[in-house]
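Results of the structural survey
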Amino acid sequence: MTQDDGDLDSLVRKRVRALRVAQGWSLEELATRAHLSQSSLSRIENGQRRLALDQLVTLARALDTTLDQLVETADDDVITSPVIDGAHGAMRWLVKGDPGMSVVRRRMTEPPPENLARMRAHPGREWLVVLSGTAILMLGHRRYRVETNQAAEFPTMMPHAIGADGGPCEILGIFDRDARRGHQREGNDGGGTQDAGD
């Protein structure tokens, strides 16, 4: 076994124990859920028993996680920097755990358009939180005030736009894969709506 293998083995054992403790489960309780004997689980956690793939799969399922998450190691690039989008006054981050998701930070000074024809609709879901100021979220014919520290989540198939209310506001938006694609397409068509992902 290489040093890396030993490190991974130790990490997985610690992770199994940490997840069990976080759930508030005793050795006996997790052993029952994973169809193992209590002594087998204890030896697995303490490094006195070899880790078998079938047991890891069973333990992952019992701990409500996946095998991939149970054995994943930390990347060297834990910290990432944003991509600056000067044309739209936004900063963007990709979410590594789900490459289809992205995070956008944007400062807005203009109110959203009232005209439905200037709002955008596309597949996906969007989540946003107001970091400062007050934002107005337009969803179809409905108008929502979103105050500092409040969040909103909505399907982007509904015509939508967001803008400031009575002064600048700053938002952080999270887009799933489909919403991100929709916003990327919108950014290329010359439209000037105050949509969170533009």
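All of the points below concern the structure found in this document. Nothing here was measured: the structure is a model prediction, and the numbers come from that model.

Description of helix H4 (residues 53–62)
Among all positions in H4, only Gln55, Leu56, Leu59, Ala60 and Ala62 are buried. Burial along H4 is one-sided: seen end-on, the buried residues are contained in an arc of 160°. Within H4, the exposed residues directed more than 90 degrees away from the buried face are Leu53, Asp54 and Arg61. Asp64 lies just past H4 and shows a positive phi near 60°.

Some details on the nonpolar core
Residues Val12, Val16, Leu30, Leu41, Leu59 and Leu70 are the most contacted members of the largest nonpolar core, which totals 16 residues. Of all the secondary-structure elements, those providing two or more residues to this core are helix H1 (3–23), helix H2 (27–33), helix H3 (38–46) and H4. Setting aside chain neighbours within four positions, we find Leu59 in contact with Val16, Leu30, Ala34, Leu36, Leu41 and Ile44. Ala152, Phe154, Ala164 and Ile171 belong to the second largest nonpolar core, which has 13 residues in total.

What about the environment of Asn46?
Among the secondary structure elements, Asn46 is positioned in helix H3. Here Asn46 falls in the exposed class, since its relative accessible area comes to 52%. Linking Asn46 and Lys14, residues 32 residues apart in sequence, is a C-alpha distance of 8.5 Å.

Describing the packing of aromatic side chains
Summed over all chains, the structure comprises 0 aromatic pairs. Stacked on the ring of Trp25, the Lys or Arg Arg33 has its end atom at 4.0 Å from the ring centre.

Observations regarding H3
All buried positions along H3 are accounted for by Ser40, Leu41, Ile44 and Glu45. The arc enclosing the buried residues of H3, seen along the axis, measures out at 135°, which places them on a common side. In the segment just after H3, Gly47 is the residue with positive phi, at about 80°.

Digging into the pairing of strand S6 (residues 142–146)
Bridge count between strand S5 (residues 135–139) and S6: 5 bridges; the pairing is antiparallel. Residue pairing for S6: Met138 is matched across the bridge by Arg143. With antiparallel pairing between neighbouring strands as the criterion, S5 and S6 make up a hairpin whose turn holds 2 residues, including Gly140 at a positive phi of roughly 60°.

Here's the deal with the side chain of Ser40
Here Ser40 lies in helix H3. Polar side-chain contacts of Ser40 include one of 2.8 Å to the side chain of Ser37.

A word on the pattern of salt bridges
Across all of its chains, the model carries 7 salt bridges by this definition. Between Glu45 and Arg20 there is a salt bridge; the shortest N-O distance is 2.7 Å. Remark: Arg20 occurs in helix H1 and Glu45 occurs in helix H3; sequence separation between them is 25 residues. A salt bridge links Glu170 to Arg105; the shortest N-O distance between them is 2.9 Å. Here Glu170, found in strand S9 (residues 169–175), pairs with Arg105, found in strand S3 (residues 102–108); they are 65 residues apart in sequence, far enough to count as distant. Among the ionic contacts, a cluster of salt bridges with common partners joins Arg145, Glu147 and Asp165.

Analysis parameters
Residues numbered from 1 in each chain as written. Predicted model: local features only at pLDDT ≥ 70, side-chain atom pairs only at ≥ 80, totals over all residues. Heavy atoms only, no water. Buried < 20%, exposed > 50% of the residue type's maximum accessible area, 1.4 Å probe, protein only. Helix = DSSP H or I, 4+ residues; strand = E, 2+ residues; numbered from the N terminus. Arc of directions from axis to C-beta. Core = buried A, V, L, I, M, F, W, Y, C linked by side-chain atoms within 4.5 Å. Contact = heavy atoms within 4.5 Å. Phe/Tyr/Trp six-rings, centres within 6.5 Å; stacked < 30°, edge-to-face > 60°. Lys NZ or Arg CZ within 6 Å of the ring centre and 35° of its normal. Pairing = 2+ DSSP bridges. Polar contact = N/O pair within 3.5 Å; in protein donor to acceptor, adjacent residues only side chain to side chain. Salt bridge = Lys/Arg side-chain N within 4 Å of Asp/Glu carboxyl O.

So yeah, pure geometry; function would need other evidence.
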